[in-house]
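Chain and residue survey
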Amino acid sequence: MTTDLATAIEAAWERRDTVTPASADVREVVEAALELLDNGTARVAEPDGQGGWQVNQWLKKAVLLSFRLNDNEVVPNGAAGPGL
């Protein structure tokens, strides 16, 4: 599943200039990748076992694509704003 998901994310990344909040096919694979990150199954960067780090570029791209899929909005009390 992860290989298929990575392939789909890479394909979406190549056409990222066409990705909008209405891109349902891209949203599905991006949300699946974000779920892997949220539940701890996958990490954008992880130790490589040799004292360094390996970056999972496809997960990084999924995070970046999520910004194209979701409209910006004000977060209540964001950055410790009014109300705290």
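Residues numbered from 1 in each chain as written. Predicted model: local features only at pLDDT ≥ 70, side-chain atom pairs only at ≥ 80, totals over all residues. Heavy atoms only, no water.

**So, the overall build of the protein**
To be explicit about the condition: Runs of E in the DSSP output that reach at least two residues are strands. Runs of H or I that reach at least four are helices, and both are numbered from the N terminus. We compute the radius of gyration from the C-alpha atoms alone; for a globule the expected value is 2.2 Å times N to the 0.38, where N is the number of residues. Per-residue accessibility, obtained with a 1.4 Å probe over protein chains only, is compared with the maximum for each type, and a residue is labelled buried under 20%, exposed over 50%, and partly exposed between these values. A contact between two residues is defined here by any heavy atoms of the two lying within 4.5 Å. Computed with a 1.4 Å probe, the accessible areas rest on the Shrake-Rupley method; for each residue, only the protein chains presented here act as cover. Two residue types count as positive, namely Lys and Arg, and two as negative, namely Asp and Glu; His and chain ends fall outside the count. Where a charge sits is defined by one atom per residue type, namely NZ (Lys), CZ (Arg), CG (Asp) or CD (Glu).
Within the protein, the secondary structure is distributed over 3 helices and 2 strands. The helix and strand sequence of the protein, counted from the amino end, reads α-α-β-β-α. For a compact globule of 84 residues, the expected C-alpha radius of gyration is about 12 Å, and the protein comes in at 15 Å, more than 25% above that figure. Its C-alpha atoms give the protein principal-axis dimensions of roughly 45 × 35 × 20 Å. Residues classed as buried in the protein amount to 26% of the 84 residues present. Considering only contacts in the protein between residues 6 or more positions apart, those separated by 24 or more positions represent 56%. Total accessible area on the protein stands at roughly 5900 Å², and carbon and sulfur atoms take up 53% of it. Charge centroids of the protein, computed over 7 positive and 13 negative side chains, lie 6 Å from each other.

**Some thoughts on the packing of aromatic side chains**
This is how it is decided: By convention, a stacked pair of Phe, Tyr or Trp rings (six-membered ring in the case of Trp) has centres within 6.5 Å and planes under 30 degrees apart, an edge-to-face pair has planes over 60 apart, and any other such pair is tilted. Over a ring means this: the NZ of a Lys or the CZ of an Arg is within 6 Å of the ring centre and within 35 degrees of the ring normal.
Overall, the coordinates contain 0 aromatic pairs when judged by the stated rule. Against the face of W13 rests R16, its NZ or CZ located 4.3 Å from the ring centre.

**Details of the pattern of salt bridges**
Defined as follows: Any carboxyl oxygen of Asp or Glu within 4 Å of a side-chain nitrogen of Lys or Arg constitutes a salt bridge here.
On inspection of all chains with the given rule, the structure shows 3 salt bridges. Between D25 and R15 there is a salt bridge, with the nearest N and O atoms lying 3.1 Å from each other. Residue D25 is found in helix α2 (residues 24-38), and its partner R15 is found in the loop between α1 (2-14) and α2; the two are separated by 10 residues along the sequence. Judged by its relative accessible area of 36%, R15 is partly exposed.

**Points about the packing of α1 against helix α3 (residues 57-69)**
Which entries qualify depends on this criterion: Each axis is a line fitted through C-alpha atoms, and for a helix only the stretch in contact is used; angles between axes span 0 to 180 degrees, taken between their N-to-C directions. Angles are sorted into four bins: roughly parallel if under 35 degrees, roughly antiparallel if over 145, roughly perpendicular if 65 to 115, and oblique for all others. Handedness of each helix crossing follows the sense of rotation of the near helix against the far helix: counterclockwise by less than a right angle gives left-handed, clockwise gives right-handed.
Relative to each other, α1 and α3 sit at 50°, their axes nearing to 9 Å. Taken together, the axes of α1 and α3 lie oblique to each other. The chirality of how α1 crosses α3 is left-handed. Residues T2, L5, A6, I9, E10, A12 and W13 of α1 lie in contact with α3, whose contacting residues are W58, K61, A62, L64 and L65.

**Notes on the environment of A22**
Assignment of secondary structure puts A22 in the loop between α1 and α2. Residue class for A22 comes out exposed when judged on its relative accessible area of 66%. Sequence separation between A22 and A8 is 14 residues; the distance between their C-alpha atoms is 17 Å.

**Focus on the side chain of K61**
Here is the rule we go by: Any pair of nitrogen or oxygen atoms within 3.5 Å is treated as a polar contact; in protein, a donor-acceptor pairing is required on top of that, and neighbouring residues in sequence qualify only through side-chain atoms on both sides.
In this fold, K61 is placed in helix α3. A distance of 2.8 Å separates the side chain of K61 from the side chain of E10, its partner in a polar contact. Beyond its immediate stretch of four places on either side in the chain, K61 contacts I9, E10 and W13.

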